[in-house]
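Here is what each chain is made of, one letter per residue.
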Amino acid sequence: VRKWSLMRFYTVLPPAPLSQSLLGDLEAANVHVSVENTMHNGRGSRMGLADVLQIAFYGLLLLLLVLQLREMAGGKTSSSDAVSIGNSGDSQNFAEVAGCDEAKAELQEVVDFLREPEKYEILGARAPRGVLLTGPPGTGKTLLARAVAGEAG
């Protein structure tokens, strides 16, 4: 047979009005009650090791998720792999473009229009919004575009 007087139970008291009536009822029933304040910080409870480990676990999980999403998006996480694509400082012109005589002639008209728009506006021409260069890879489309940019300034 167990002796109930040796068993211990731990509980949290309800709010103040209810706890006063509960304590009165327990004392009337001859129950020994001891009250301890467990509020060690402003939040009302202590953070134990399990809480800290749980927060660390979720933080690590979030970090891995962000890194995985970056990798899936194709972004690099380090800046050492960055390649700078900018103006090389050398402007190209039509003298450097070999072949493509018909395309060069038409693009020289565009460059002339960009340099002296008044001459063409008198005739009623409008400035071109763009030029579409088509053709298979390796036929010099980029070289022609750079030459136009170099000639037009």
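Here's what I pulled together on the structure shown here. (Residues numbered from 1 in each chain as written. Predicted model: local features only at pLDDT ≥ 70, side-chain atom pairs only at ≥ 80, totals over all residues. Heavy atoms only, no water.)

1. Things to note about the overall build of the protein chain
When helices and strands are tallied, the protein chain shows five helices and zero strands. Counted from the first residue to the last, the protein chain has its helices and strands arranged as α-α-α-α-α. The burial tally for the protein chain puts 8% of its 153 residues in the buried class. Per element, the accessible surface of the protein chain, about 13,700 Å² overall, is 57% carbon and sulfur. (Helix = DSSP H or I, 4+ residues; strand = E, 2+ residues; numbered from the N terminus. Buried < 20%, exposed > 50% of the residue type's maximum accessible area, 1.4 Å probe, protein only. Areas by Shrake-Rupley, 256 points an atom, 1.4 Å probe, with all protein chains shown as cover.)

2. Let's talk about a nonpolar patch on the surface
A cluster of nonpolar side chains, namely L62, L65, V66, L69 and M72, defines an oily patch on the protein surface of about 510 Å² accessible area. With respect to the helices and strands, L62 occurs in helix α2 (residues 49-73). Judged by its relative accessible area of 52%, L62 is exposed. (Patch = residues over 30% accessible without salt bridge, like charges linked within 9 Å, V, L, I, M, F, W, Y side chains within 5 Å. Salt bridge = Lys/Arg side-chain N within 4 Å of Asp/Glu carboxyl O.)

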